[in-house]
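A look at the structure
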Amino acid sequence: MFKLTEAPALSAGLYQAPELNIELLSNTPRLSLAPLKGETEKVKAALQQLGITLPSPTEAVLSPCMVLPLGQGQWLLQGAVPNLGALDGLVALTDQSDAWCGFVLQGAKVPLLLERLVANAPLTYFHGKAVRTQIEHIGCWVVGLTDNRWQILGPRSSAQSLFDALKHAADAVGALAD
Amino acid sequence: MSRRISNGRIGANTVRFSFDGVQYEGREGDSLASALLANDRLLIGRSFKYHRPRGVLCLGSEEPNALVTIGTGGSQTPNTRATVQELYDGLSAVSQNRFPSLKFDLLSVNDRLSRFLTAGFYYKTFMWPRSFWESVYEPMIRRAAGLGRLSEVEDEAQYDKGFLHCDTLVIGGGVAGIEAALGAAAKGDQVILCEEFSRLGGAALFESAPLGPIDGLLAQLAKHENVRVMTRTTVQGAYDHGVYSAVTLNTDHLSQPSAKAPRQTLWRIYSNRAVLATGAHERMIAFDNNDRPGVMLCSAVRGYLNYYGVLAGDSCVVFGCHDDARKTVVDLQAAGAKVVWVDTRASHQAVEGVESFTSARVVNTRGRHRVTAVEIEQQGRRFWIKCEALAVSGGWNPRIQLTCHQGGRPVWSAAIGGFVPGDKLPPGMRVVGAAAGELLEENWEPAWDLSVNGAAFVDPQNDVTVKDIKLAHQEGYVSVEHLKRYTTLGMATDQGKNANALGIGVLSQHSGELIEAVGTTLFRPPYTPVAIGALAGRSRGKEFKPTRLTPSHEFATRRGAAFVTVGNWLRASYFPVAGETHWRESVDREALAVRQAVGVCDVTTLGKIDVQGRDAAEFLNRVYANGFLKLPVGKTRYGLMLREDGIVFDDGTAARLAENHFVVTTTTANAVSVYRHMEFVHQCLAPELDVHLISTTEAWAQFAVAGPKSRELVQRVVDMDISNEAFGFMACAETKLIDGTPARLFRISFSGELAYELAVPTRFGNSLMETLLDVGADLGAVPYGTEALGVLRIEKGHAAGNELDGRTTALNLGLGQMVAQTKDSIGRVLANRTELAQSSVRLVGFRSEQQILTGSWLIPIGASAEQANTLGWVSSACYSPNLGCYIAIGFIRDAHEYMDTQMRAVSLLDAKDVRVSVVSPHFVDPEGERLRV
C-alpha cells in the first residue's frame, strides 16, 4: 500500500540577513470564494458572523484569516479559515492551497528590497493594503501585514524563480548598505 | 611635473592609478581627468576620424574628447569619460583609438588626408570595384570605425533595477535644485533629488567663492525626512506620464566593491512633478586647430583649479565673448598664473595686472601633443603668444536635453547667447536656474566661426569641422536635420552637448539665416551613455525569464530527463535510459511503450479552469462551438473554441463534475489567453450569467496514464471502480486515491490509446509520478515526455497548436460538424461566411520513407516549386515507430481529390523535396476502438 508524500513549493526557502528575512510559508490552507449571482449580500452577512469581511480592491483583511480580492467577485482566503458550511449553495468554493506559494518578508530593510522589485507605489502595499502586480514578470500579490512585515504570493510553479528574485534583490540591498 | 597647487576641495589621501601602463598618483576625490591634469598628462586620446591628439575639454559628462577604457575582461568599459570617472586606488585606464601608441599613432596619417575625408565622403567612395565592397572595404571600415573596443568577455557584474515614486523629482543638485527641493519638502511633498556628481552643490563647488551658503542649504535639506538625495545618479530620460529613468553608479568609484553589490541601478521614477535644475555648461568657438590638448573651456579651467587644486598652466590665454571669461582670468591670476585675456568684444571690465586684447580673436594654435602657443588677430594684426593652456568660452549651453525628450524644441535666447527650453515641456516639468537661462546674461556677443583655412572643429568627438558644415550646405543639405545626418554633427556619444549650438551658429553665420530660423535637432534619451547591463538588470542567465516547474520536475531531474522550454514551463522532453545515445531512440521507445503497455506523462501545464455557477453550462455553450447544456454529470466532452471571426482559437475538454461545476482544459500555450477570453465573455458579453471562472492550473498536478494497460495501472491507485462499465470513455469523477489523497479522474485520451488523466493536489504530484511507475513496474510502465506525446498525437491525427495556427477553421480541421447551428456561440456567425464555409482545405495525413519536414509546401509531382503551384502545407511531422515510417499531417485544398495519391513535400529552406502519399490523418485506430475498450 502506498502513501503519497507532500513536497513543499521549494526545498529551501529561507533567507536571513540583518533587518531582512525572507521565509517560505508552508502548509498554508487557501480557498477561493466567489458568491453566486445575487447572493453577495447574504454571503457577506454570513461571513460577518464568522468575523470575516470581504475587502474591496486594493485592500487586504488580515484577521482572523487573510482575505484578498482575487478578481471580480472572487476573494482568496488564506490561513485559519473557519468552517464555511453556512455558505453552502451561496458560493463557489475552490481549494487553492497548492496554487500559490507565499513568502513572508520581515525587517526594516524590506522596503528597500520591494522598491527594487515592485513597480507600484509603496502606499499600495502598506499595512492593510494589497496590490496585484508583477515581480520579474511573475504575477504576484504584495500584502502589507504589519510594520516591517509583508507577504508575497506567487504561482507555485514559479516558486524558485520568485525566491531567486527576492534573494537577488536582498543581496543587493545588503551589499549596498555595507 | 605636478600641476597640483593645492588640495582644492578634495581629500589629501594619495590614490594610485595607471594610464596606458604608466603609474601615477592622484588624490582621493579626484576624477581621472583631474588626476591626469595634475600629473601634467594632457594627451589622453585620439580623435575618431583624423586621429588627432586630444585632451580634456570640459569638467563633466559633456566631455567629448577624454574617452578612455577602464578595466579589463568582463568589466572592460570603453568610452568612459575621464571627467566623470572617479579615481580609486588601483584604477587602470587605457587610451583608445590609437595604434600602436597614443603618442605615435599610425592612423594620424588620416589628418594629412583630411581634405579627402570630409563629411559624407563615404557616400562618394568605396563604389568600385563592386567586388571589393564585402571583401575589402567593409572589413576595413569596420576595423577603423567605432570608438573603444569591447572585450567580448561576458560582464559578470551585477546590475539592478528599481522603481521609485515621489511627488516632486528634482533633477540637479546645484543651488537651484537644492532650493527647489527645500520648497517642495516644506509643502509636504515626497521629494527625490538626483545629482550626477558625487556630492551636492553643482557649479558652486567649482567656483572660488566659499561654500558657506551651500553648506547652509545642505544643512536645511538634511532636516527633511521626506527628501531622498541620490548622488551619482543621472536622470537619463523623460517619458510619458511623469516617468523618468535614472542610473545610479553604485560601485564604479570603488576599488574593491562587494561581489553582491550591483554595479549600477536603473531606476524608473514616477513623479507628479519635476523640476529641471541641471545648470549650464559652456561651448567652444570654432577657430583653426581649436582641439589641441590643453585647450579647455573657461569654466573647466577654473573648476579644475578651485575644486581639484590643479592649475592648467603657468601661462594661460583666456579667450571669450562674454563676461564669464573674466572669472577665469581672476582665478588664474590669483593662483599665480601669467594670464592673457583675449575678448572678441570691444570692451570689458579689465582685471588689473592682466594683459588683455579686445576686439580680438584667437585664430590658431600651435603644438602637437599639447598647445604651446596661440595666434591672435586684432584689427588686422596677427601675432603669436606662447602659453601652456588656452581657456575658451563661446557662450552658455543650458542643459535642456530632458525638455526635448517629449518632442519639445529649445528656443534661441539672444540675451544669453544660448538655447533655452521652449514652451512644450514634458507635462509636470518646470525649469529653474541656469537650465532656464537664468543668471546667464553676461553681455554675450556672437562668436561662431573664426576659422581662417585650417581645421576648426565644431564637433570634436565626430571630427566635424566648419568646412564640413559649409560643404553640406553647399551640397544642398540646408535643413539642420540633414546637416546633422550628413555631417554626423551631434551624433557621437555626447549627443552634441557642446557641438549642436555651435554648429547651428556656424550654419546661421554662413547661410545668412537667423539662428531662430535655422532651428534645432532634438535630444533623445539617454542623456549620457547607459550600459546595456543596466538596461538588462537582473534579467540575464537563469533569471532572464521566470521558469515554471512541473510538479514532477524533481522526479524528471533524477531520471536524467532532457528538458524543453514551453513558454515559461520547463517540461521533460524525453527520458533516456542507459545505452541510449540519440534522442530518437528514447522517443521511439517511449511511444512504443505507450502503444504496447502503459506510459505516464506530466500534463499539468495544460490550462485548467474551474467553471462554477448556476449558468455554468450555458456559459460553456456560448464559448464553445459545440453544445454543453446536455452534458451529463460525470461526463467529459471535447470542446472547440472559436474566435469571433470564426477561426479556431483553442481546443480542450470540459468535464462536468457536478450540475454547476465544470473543469475546462486548454492547451498549454493558450492557458492564459483562454482564461482572459472567458473572463471577457463573462464580464462584457454575458454579465447576466451566474458563473465564476477560477484558474486551477497551478492547484492540480495532472498526469496522463496511457496505453492498453493503463486501466490496470490506474485501478491500482484509485479508490473506485474504473471498469469500462463503471467508468466508460469520457467519464470523469472527483474521487480519492487508495491512501485517501483527494483526486480527480478523467477518461480522456490524446494518444488514441485507452487512457486516463489523474489529478491530485500539486504538492502530491511528484510522489504520484513515482508511485505510478513503481506500482506499474510489472506492467512495463515508463515515463514519457513531450516528444513521445507529440508522436502519439500525430499518429492519432489529433490537431494541436501547429494546426490551430490562427488561420484554420473547424471545417479545415475536419470538425465542421462540431459547430452547432442551433445555438449561438462565439464565432458561429463568421464561421459561416462564404470564404470560410466554402473552403476546400482539409486536414490530411502524409506518409513517406523519407523524412518530412514541418513547414514543407505541398506541390504536385511535375510542377515547379512555386507558390502558385502549392496545394497546402505540412503542419506537424515525425517518425512513427509504430508504422516504421515517417508521417505528417497538414492541410491541402481539394483534399478529396488527392486522397491516396502522391505529391511532393518541398522545403526550399532545407533543400528537401520528398515524395509523400496522401492518406487519412488518423494513422492509428481510425475507428477509435482502442479508446473505448
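Because the structure is predicted, anything quoted here is derived from the model rather than measured. (Residues numbered from 1 in each chain as written. Chains lettered and ligands numbered in written order. Predicted model: local features only at pLDDT ≥ 70, side-chain atom pairs only at ≥ 80, totals over all residues.)

What to know about the overall build of chain A
When helices and strands are counted, chain A shows 3 helices and 10 strands. Sequence-ordered secondary structure for chain A, helices as α and strands as β, is β-β-β-α-β-β-β-β-α-β-β-β-α. Expected size for 178 residues packed as a compact globule is a radius of gyration near 16 Å; at 17 Å, chain A falls within 12% of this value. If you line up chain A on its principal axes, its C-alpha atoms span 55 × 50 × 25 Å. Here the contacts in chain A between residues at least 6 apart in sequence split such that 60% fall between residues at least 24 apart. (Helix = DSSP H or I, 4+ residues; strand = E, 2+ residues; numbered from the N terminus. Rg over C-alpha atoms; globule rule 2.2 N^0.38 Å. Contact = placed C-beta atoms within 7 Å.)

Points about the sheet that holds strand β38 (residues 700-706) of chain B
Residues and elements named next belong to chain B. Strand order in the open sheet formed by 6 strands is β39-β40-β41-β38-β32-β42, and the pairing between neighbours is mixed. Each edge of the open sheet carries a strand with a single partner, namely β39 (732-736) and β42 (782-783). Against the sheet, helix α19 (residues 765-775) engages β32 (599-602), β38, β41 (755-761) and β42, with an angle of about 20° to β38. (Pairing = 2+ DSSP bridges. Axes fitted to C-alpha atoms, helices over the stretch in contact; angles between N-to-C directions.)

Remarks on unusual backbone geometry
Put simply, S63 of chain A and P64 of chain A share a cis peptide bond, and its omega is 5°. Note that P64 of chain A resides in the loop between α1 (40-49) and β4 (66-71). Omega for the bond connecting F99 of chain B with P100 of chain B falls within 30 degrees of zero, at 0°, which places this linkage in the cis form. Take P100 of chain B: it is sitting in the loop between β7 (91-95) and α2 (109-112). With a phi angle near 45°, E136 of chain A is a residue other than glycine that sits in the positive phi range. Assignment of secondary structure puts E136 of chain A in the loop between β8 (130-135) and β9 (138-146).

Looking at the sheet that holds strand β6 (residues 91-95) of chain A
All names here are of chain A. Strand order in this open sheet of 4 strands is β4-β5-β3-β6, and the pairing throughout is antiparallel. Each of the sheet's edge strands pairs with one partner strand only, and the pair in question is β4 and β6. With direction set aside, neighbouring strand axes in the sheet form an average angle of 25°. Note that strand β3 (residues 30-35) and strand β5 (residues 74-78) share 4 bridges and pair antiparallel. Residue pairing across strands places L31 opposite L77, the latter belonging to β5.

Considerations on the packing of helix α15 (residues 583-596) of chain B against helix α20 (residues 786-796) of chain B
Residue and element names in this part refer to chain B. It is the contact of α15 with α20, at a shortest axis distance of 9 Å, that shows an interaxial angle of 55°. On the basis of their axis angle, the class for α15 and α20 is oblique. Once α15 is placed against α20, the crossing between them reads as right-handed. When α15 is examined against α20, the residues W583, V587, E590, A591 and V594 are found in contact with a partner set consisting of E787, A788, V791 and L792. Within the contact of α15 with α20, the residues separate by chemical class into 7 nonpolar, no polar and 2 charged. (Parallel < 35°, antiparallel > 145°, perpendicular 65-115°, else oblique. Left-handed = near helix turned anticlockwise from the far one by under 90°. Nonpolar A, V, L, I, M, F, W, Y, C, P; charged D, E, K, R; others polar.)

A short note on the confidence of the model for chain A
Low-pLDDT stretches of the model should not have their predicted coordinates read in fine detail. With 99% of its residues at a pLDDT of at least 70, chain A reaches an overall mean of 94. Ranking the helices and strands of chain A by mean pLDDT puts strand β10 (residues 149-155) of chain A first, with 97, and β4 of chain A last, with 93. (pLDDT = per-residue confidence, 0-100.)

A short note on the domain arrangement of chain A
When the parts of a complex come together, some accessible area is lost, and that lost area is often used as the size of the interface. Residue and element names in this part refer to chain A. Each assigned domain of chain A is listed here: domain 1 (14-27 + 98-177) and domain 2 (30-95). Distance from the C-alpha centre of domain 1 to the C-alpha centre of domain 2: 24 Å. Contacts between the two partners involve 10 residues from domain 1, matched on the other side by 7 residues from domain 2. In terms of residue count, the dominant contributor to the side of domain 1 that touches domain 2 is β9 (3 residues). Among the residues making up the side of domain 1 that touches domain 2, the classes are represented as 7 nonpolar, 2 polar and 1 charged. (Domains from an automatic or database assignment.)

Structural notes on the environment of Q236 of chain B
Residue and element names in this part refer to chain B. Assignment of secondary structure puts Q236 in strand β11 (residues 233-238). Sequence separation between Q236 and R326 is 90 residues, and the spatial gap between their C-alpha atoms is 33 Å. Setting aside residues no more than four positions away along its own chain, Q236 makes contact with S245, A246, V247, P525, P526, Y527, T528 and V530.

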